[in-house]
Structures are given as C-alpha cells and as structure tokens.
Amino acid sequence: MSEQSLPDVARPEYTGDTPPDPADDALPEYAERVLEVAELIPTGRVMTYGDVAEWLEEGGPRQVGRVMALYGGAVPWWRVVRADGVLLPGHELRALDRYRAEGTPLREASRAAAGHLPRLDMRRARWDGGERAEGHI
C-alpha cells in the first residue's frame, strides 16, 4: 500500500527526496489516533481494521492497516485484525500465543484448513469500543 492511500492527516510530510524514517519519534496525528484505539482494546478482545476507522470516523481499513504495519509494534497489534478472523500472515504464531494467553475466543481450524491454524471467533471476540472507551479520543 502506498502512502498516497492514507488520509491527508496520516500522510507523512516529505521535505525532500527521502521519505521519513518510521522510527522517528514524530508520528502523524492519524497514526497516533489509531494507536490510541489499539491500546484501548481490552485483553481478550479485538477490533477489525474497519472498526478502528469507523470509530475514528476517518480513513478506512487499509489506512488503519498501513498505520499498524508502520507503527503498531509498540501497541497490542494482535488486537487489530482482519474482519474474517484469519490470523495476520507472517505473524500467526506470535499472535496465536498472545490470543491463547489472553483467552481471546478462537475457532479451531478444520483439518482441511491451510496450516491447521485456528481463526478468531469474531462473533465472540469483537469489541465495539463500548463503555471503557467513553470520553477517549
């Protein structure tokens, strides 16, 4: 995904030919807001990329995914997920360890499923940003 698909407030300002370093301390405001939402998600619960964008009333699933890919390592990244409950490709085992430790509802994989990895039980694990989030962001 390109930076062009981020909302204007999430797009880093380029002052030259070299893009900013993602390790730089200055985060775009949109990225800060996405990361704040990720930190609000309770243990054992998840929000989809689209849920986060809807809650912020800005951007969309791809923009939230881009922020999480660039900046999400310092927050509970495993709690911001795909809507279909499939574990994040390339991070499945790390995420699965966290889900099991937190008691996040999972649906066991069928023997026909690739890699036999479970999925998140989205009906039970999904958090709507309810009462704990009142007054935040």
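See the structure printed just above.
Residues numbered from 1 in each chain as written. Predicted model: local features only at pLDDT ≥ 70, side-chain atom pairs only at ≥ 80, totals over all residues. Heavy atoms only, no water.

This brings us to the packing of aromatic side chains. With the rule as written, the count across this model stands at 1 aromatic pair. Ring centres of Trp77 and Trp78 lie 5.6 Å apart, and the angle between their planes is 90°; on these two criteria the pair is classed as edge-to-face. (Phe/Tyr/Trp six-rings, centres within 6.5 Å; stacked < 30°, edge-to-face > 60°.)

Those residues of helix 2 (residues 49-56) lying buried are Tyr49, Asp51, Val52, Ala53 and Leu56. Summarising the contacts, the buried residues of helix 2 are in contact with helix 1 (29-40), strand 1 (47-48), helix 3 (61-71) and strand 2 (80-81). Positive backbone phi, approximately 60°, marks Glu57, located one or two places after helix 2. (Buried < 20%, exposed > 50% of the residue type's maximum accessible area, 1.4 Å probe, protein only. Helix = DSSP H or I, 4+ residues; strand = E, 2+ residues; numbered from the N terminus. Contact = heavy atoms within 4.5 Å.)

The next subject is the side chain of Arg79. You can see Arg79 is positioned in the loop between helix 3 and strand 2. Here Thr43 takes part through its side chain, which lies 3.4 Å from a polar atom of the side chain of Arg79. (Polar contact = N/O pair within 3.5 Å; in protein donor to acceptor, adjacent residues only side chain to side chain.)

The tally for this structure, following the rule as stated, stands at 5 salt bridges. In this structure, Asp51 and Arg126 form a salt bridge, with 2.8 Å as the shortest nitrogen-oxygen distance. Here Arg126 lies in the segment after helix 5 (122-125) and Asp51 lies in helix 2, a separation of 75 residues in the sequence. For Asp51, a relative accessible area of 15% puts it in the buried group. The partner of Asp84 in a salt bridge is Arg82, with the nearest N and O atoms 2.6 Å apart. Using a relative accessible area of 35% as the deciding quantity, one classes Asp84 as partly exposed. A relative accessible area of 32% places Arg82 in the partly exposed class. (Salt bridge = Lys/Arg side-chain N within 4 Å of Asp/Glu carboxyl O.)

Let us now look at the packing of helix 1 against helix 2. One can describe the packing of helix 1 onto helix 2 by two numbers: an axis separation of 10 Å at closest approach and a directional angle of 115°. By the angle between their directions, the pair helix 1 and helix 2 is classed as roughly perpendicular. Considering only the axes of helix 1 and helix 2, their crossing is right-handed. Across the interface between the two elements, Tyr30, Arg33, Val34, Val37 and Leu40 of helix 1 pack against Val52, Ala53, Trp55 and Leu56 of helix 2. For the contact of helix 1 with helix 2, a count of residues per class yields 8 nonpolar, no polar and 1 charged. (Axes fitted to C-alpha atoms, helices over the stretch in contact; angles between N-to-C directions. Parallel < 35°, antiparallel > 145°, perpendicular 65-115°, else oblique. Left-handed = near helix turned anticlockwise from the far one by under 90°. Nonpolar A, V, L, I, M, F, W, Y, C, P; charged D, E, K, R; others polar.)

The next point concerns helix 4 (residues 92-102). Among the residues making up helix 4, those that are buried are Ala95, Leu96, Tyr99 and Glu102. Buried residues of helix 4 fall within an arc of 135° about the axis and therefore sit on the same side. Those residues of helix 4 that are exposed and aimed more than 90 degrees away from the buried face are Leu93, Asp97, Arg100 and Ala101. Residues of helix 4 that are buried make contact with strand 2, strand 3 (106-107) and strand 4 (119-120). Remark: Gly103 follows helix 4 within two positions and exhibits a positive phi of approximately 75°. (Arc of directions from axis to C-beta.)

So, to be careful, I would describe these as geometric facts and stop short of saying anything about function.
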